[in-house]
Amino acid sequence: MNVKDIKHAGLKKWIGEFAELTTPDAIVLADGSSSQYDELINLTVESGLATRLNPAKKPGCVLFLSDPSDVARVEKRTYIASETQDAAGPTNNWMDPKQLKKEMTDLYRGCMKGRTLYVIPFSMGPIGSDIAKIGVELTDSPYVVTNMMIMTRVGKKVLDVLGTDGYFVPCFHSVGKPLAEGESDGGIWPCAPMEHKYISHFPETREIWSYGSGYGGNALLGKKCLALRIATVLARDEGWLAEHMLILKITNPEGKSRFLTGAFPSACGKTNLAMLIPTVPGWKVETVGDDIAWMKYGSDGQLYAINPEAGFFGVAPGTSASSNYNALVSASSNTIFTNVALTEDNDVWWEGIGYDAPGKLIDWNGNEWVQNKADKTQKPAAHPNARFTAPASQCPSIAAEWEDPKGVPISAILFGGRRPHTIPLVHQSNDWSHGVFLGSIVGSEVTAAALDVKAGTIRRDPFAMLPFCGYNMGDYFQHWLDVGHAAPDAEKLPKIFYVNWFRKTDEGKWLWPGFGENSRVLKWVFERCEGTAKYVKTPIGIMPTLDAIDRPVGVSEEDMKELLSVDIDGWLEEVKDIRTNHYPMFGKHLPKELATFLDKLEADLRAAK
Ligand code: OXD
Ligand code: MN
């Protein structure tokens with residue numbers, strides 16, 4: 001099938017207009033077939049853009065290296081170009097949409113000369129699900145096409161659902177003109193200099209225009225751009241939720257299952273939690289999704305979630321057989337690696353893989369690299385935000401329901417972040433609206449997933465959506481409150497929890513082991529949903545009694561007390577920061593209900609002092 005066979009007149013016209021602007025040498029339709037995927041991979045290997053990995057160790061896998069400047073999302077170059085700046089709100093970069101389109105049109109002009117334009121029809125969500133949405137991405141990057149083929153459902157089946165006049169979100173993408181005339185595209189993917197990179201969203205017309213970056217979050221436009229930034233706008237208008245959340249299934253020893261979602265900022269262990277192997281005997285965790293959840297009320301009044309993606313775009317460093325065995329297996333075949341290190345026998349290696357580098361490596365910059373553990377300043381062989389793109393169907397812990405078009409019923413929602421101090425291991429909101437308050441105040445230590453924010457500092461990341469909300473975040477808080485108020489049956493609303501796996505002692509030692517041991521907290525969450533867990537009411541919400549969560553080996557009673565106590569002074573500092581630095585930003589868009597929760601929290605903390 002090729003572009004000529006497309007029956008959708010609007011789609012054909014739009015492709016024609018973009019081709020006229022960008023002047024590619026050829027236009028190819030991504031039909032979703034495995035033969036086309038193999039052909040594209042061969043092409044990238046033959047042109048020197050990718051390295052095929054050792055088929056005995058990593059069958060069907062390749063490694064791509066990026067330009068050193070193109071390794072992560074670029075928040076400063078990401079725009080929400082709504083008609084007014086107020087509609088984009090204080091947490092987004094805004095530009096006048098007409099001006100932005102003009103600047104970008106100039107950059108797109110002729111940018112695909114000598115390249116192929118690929119047309120990728122894709123579905124976010126199981127094809128035909130009434131929660132799913134269709135997009136079409138136009139790109140000049142074979143890396144993007146192959147990644148999209150793993151991360152979304154691509155091709156003819158999508159065009160069939162689209163029919164002759166169905167609705168799709170138009171997504172433009174180009175890696176941009178080569179940096180210098182005549183510069184070859186081989187070795188690493190080309191990209192534009194930083195000041196020419198744009199990841200732009202036009203919320204009113206629901207369009208996405210991306211230029212100058214080949215990195216996943218900037219270039220695989222179904223993911224952050226459509227499934228979060230544009231989807232938040234659709235969700236606001238249509239009464240549902242588009243969230244930066246994992247979805248997991250947890251089953252107790254008696255065989256009863258519940259589904260949870262969890263919002264954590266980028267690189268805070270969503271993939272690990274979604275694929276967790278419980279240490280609590282008899283419990284089982286299965287995976288539905290690791291990054292994005294779309295939630296809608298079902299006809300039974302329960303909130304249902306789908307994973308709009310079909311693959312995992314996971315952070316490689318730190319992934320080992322002990323931290324996430326299921327991710328390693330998922331990424332052991334048919335996987336695209338980006339910016340990890342290459343071993344002498346064409347296997348991959350990264351920091352935290354669980355064993356020393358086996359001999360001489362080629363690092364993510366393409367240079368020889370020999371591990372020197374004595375040198376604490378040695379640059380890592382893999383970029384800290386190096387990734388694997390693996391099909392979800394290969395995950396050993398994938399839940400049978402992961403592609404159910406109606407989604408899975410959600411019992412609980414977790415919020416969390418990296419907080420070395422103050423925030424306890426787990427606390428529960430008193431009700432939905434109080435849970436929205438907890439989501440709105442989440443903060444986290446910054447990680448390497450975005451380029452232009454300083455790793456290590458704490459920033460507020462409400463609902464883990466700071467970089468992903470396509471409209472004014474104050475209105476987004478109100479939307480969450482409204483979804484709760486509109487619940488067909490308030491009793492069926494998911495319970496909301498705030499968790500923190502990242503507490504440290506003053507000496508910098510981890511207080512909680514994390515990973516599989518987090519199942520002890522999930523067990524308490526499950527039992528709260530059942531109504532059987534032991535709990536106490538505190539000024540910050542509902543917390544486990546000291547004996548309600550079994551202590552893992554190595555966690556003393558003292559540690560557990562620390563993890564499960566309310567640090568009144570720390571929380572009062574938190575209140576002060578929210579009151580002076582966080583909430584005022586939203587001005588008149590801050591829902592009054594949330595300001596009232598903050599006042600009540602402060603009063604309750606002072607009364608408990
Ligand atoms: C991701 C991110 O890639 O959040 O999922 O940056
Ligand atoms: Mn993410």
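Please read these numbers as outputs of a predicted model, since none were measured by experiment.

Close to ligand 1 lie 10 residues, the nearest being R73, K224, S266, D291 and R387. Side-chain polar atom of R73 to an oxygen atom of ligand 1: 3.0 Å apart, as the coordinates give it. A majority-of-atoms criterion places ligand 1 in the largest pocket. Taken together, the residues of the shell around ligand 1 break down into 3 nonpolar, 2 polar and 5 charged.

Let us now look at the layout of surface pockets. When its volume is computed, the largest pocket comes out at roughly 1,000 Å³. Lining the largest pocket are 43 residues, and of these A267, C268, G269, N272 and R418 lie nearest its centre. Secondary structure elements with two or more residues in the lining of the largest pocket: α8 (222–238), α9 (270–274), β17 (311–315), α10 (321–330) and β23 (387–391). Top element by residues in the lining of the largest pocket is α9. It accounts for 4 residues. A per-class count over the lining of the largest pocket returns 19 nonpolar, 14 polar and 10 charged. When its volume is computed, the second largest pocket comes out at roughly 410 Å³.

Right, let's get into the sheet that holds strand β3 (residues 62–64). On the basis of which strands lie adjacent, the open sheet formed by 5 strands has the order β2-β3-β18-β23-β17 and mixed pairing. Whereas interior strands pair on both sides, the edge strands pair on one side only; in this sheet they are β2 (50–52) and β17. Taking the axes of each pair of neighbouring strands and ignoring which way they run, one obtains an average angle of 20° across the sheet. With 3 bridges connecting them, β3 and strand β18 (residues 336–338) associate as parallel partners. Following the sheet pairing, V62 is matched in β18 by I336.

As a measure of interface size, the accessible area lost when the parts come together is often cited. When the domains of the protein are assigned, the result is domain 1 (3–46 + 76–239), domain 2 (243–310 + 399–608) and domain 3 (312–394). Summarising the inter-unit geometry, the C-alpha centres of domain 1 and domain 2 are found 32 Å apart. Across the contact, 37 residues belong to domain 1 and 32 residues belong to domain 2. For the pair domain 1 and domain 2, the summed buried area comes to about 3,000 Å², and 57% of that belongs to carbon and sulfur atoms. Contact with domain 2 buries surface across domain 1, with T91, I131 and L228 losing the most and accounting together for 21% of the total. Across the contact surface, domain 1 and domain 2 share 5 salt bridges. Across the pair R153 and E403 runs a salt bridge, and its minimum N-O distance is 2.8 Å. Where domain 1 packs against domain 2, one counts 19 residue pairs in polar contact (both at pLDDT 80 or more). Elements that contribute at least two residues to the side of domain 1 that touches domain 2 include exactly α3 (85–88), β5 (116–124), α5 (142–151) and α8. Among the elements that take part in the side of domain 1 that touches domain 2, α8 stands out by supplying 11 residues, more than any other. Looking at the side of domain 1 that touches domain 2 residue by residue, the class counts come to 18 nonpolar, 9 polar and 10 charged.

Within the secondary structure, N307 sits in the loop between β16 (303–306) and β17. Looking at N307, its side chain comes within polar contact range of the main-chain oxygen of V288, at 2.9 Å. For N307, the contacting residues outside a window of four places in its chain are G125, P126, R153, I247, V288, G289, I292 and W402.

A few words on the nonpolar core. The biggest cluster of nonpolar side chains holds 135 residues, and the ones touching the most others in it are W294, F337, W432 and W480. With 9 residues, α8 is the single largest residue contributor to this core. The next biggest cluster of nonpolar side chains, apart from the first, holds 36 residues, and it includes W524, I542, V555 and M560.

Note on the manganese ion (ligand 2): its protein donors are K224 (NZ), H244 (NE2) and D291 (OD). The metal-donor distances range over 2.2 Å. Between consecutive donors of the manganese ion (ligand 2), the numbers of intervening residues give the motif K-x19-H-x46-D. Within this pair, whereas H244 is found in the loop between β11 (241–243) and β12 (245–251), its partner D291 is found in the loop between β14 (284–289) and β15 (293–297), the two being separated by 47 residues in sequence.

Quick look at the packing of helix α15 (residues 568–582) against helix α16 (residues 592–608) now. Pairs of packed helices are described in terms of their axes, by the angle between the two and the distance that separates them. Relative orientation of the contacting elements α15 and α16 amounts to 155°, with a least axis distance of 10 Å. Taken together, the axes of α15 and α16 are roughly antiparallel relative to one another. In this structure, the crossing between α15 and α16 has a hand that is left-handed. Residues I568, W571, L572, V575, I578 and R579 of α15 form the contact with α16, whose own contacting residues are L598, D599, L601, E602, L605, R606 and A608. Class assignment of the residues belonging to the contact of α15 with α16 gives a composition of 9 nonpolar, no polar and 4 charged.

Looking now at the packing of aromatic side chains. Per the counting criterion, the structure on display carries 29 aromatic pairs. Each ring, one from W14 and one from F168, has its centre 5.5 Å from the other, and the planes form 55°; the classification is tilted. Of this pair, W14 sits in helix α1 (residues 9–22) while F168 sits in the loop between α6 (156–162) and β8 (169–174), placing them 154 residues apart in sequence. Assessed through its relative accessible area of 11%, F168 is described here as buried. Ring-pair connections join several aromatic residues into one group, and the members of that group are W14, F18, Y108, F168, F172, F202, W209 and Y211. Sitting over the ring of Y471, R236 keeps its end group 4.7 Å from the ring centre.

Let us look at the environment of S320. Along the chain, S320 falls in the loop between β17 and α10. Here S320 falls in the buried class, since its relative accessible area comes to 7%. In this view, S320 contacts Y325, L328, G352, I353 and G354; residues no more than four positions away in its chain are not counted.

The rules behind each value
- Residues numbered from 1 in each chain as written.
- Chains lettered and ligands numbered in written order.
- Predicted model: local features only at pLDDT ≥ 70, side-chain atom pairs only at ≥ 80, totals over all residues.
- Heavy atoms only, no water.
- Near = heavy atom within 4 Å.
- Polar contact = N/O pair within 3.5 Å; in protein donor to acceptor, adjacent residues only side chain to side chain.
- 1 Å grid on protein atoms, 1.4 Å probe; cavity = no way out; pocket = protein on both sides within 12 Å on 5 of 7 lines; lining within 4 Å.
- Sits in = over half its atoms within 2 Å of the grid points.
- Nonpolar A, V, L, I, M, F, W, Y, C, P; charged D, E, K, R; others polar.
- Points joined across faces, edges and corners; volume = space filled by probe spheres on them.
- Helix = DSSP H or I, 4+ residues; strand = E, 2+ residues; numbered from the N terminus.
- Pairing = 2+ DSSP bridges.
- Axes fitted to C-alpha atoms, helices over the stretch in contact; angles between N-to-C directions.
- Domains from an automatic or database assignment.
- Contact = heavy atoms within 4.5 Å.
- Buried area = accessible area lost by both parts, 1.4 Å probe.
- Salt bridge = Lys/Arg side-chain N within 4 Å of Asp/Glu carboxyl O.
- Core = buried A, V, L, I, M, F, W, Y, C linked by side-chain atoms within 4.5 Å.
- Buried < 20%, exposed > 50% of the residue type's maximum accessible area, 1.4 Å probe, protein only.
- Donors = N, O, S within 2.8 Å, 3.2 Å for Na, K, Ca; no water.
- Parallel < 35°, antiparallel > 145°, perpendicular 65-115°, else oblique.
- Left-handed = near helix turned anticlockwise from the far one by under 90°.
- Phe/Tyr/Trp six-rings, centres within 6.5 Å; stacked < 30°, edge-to-face > 60°.
- Lys NZ or Arg CZ within 6 Å of the ring centre and 35° of its normal.

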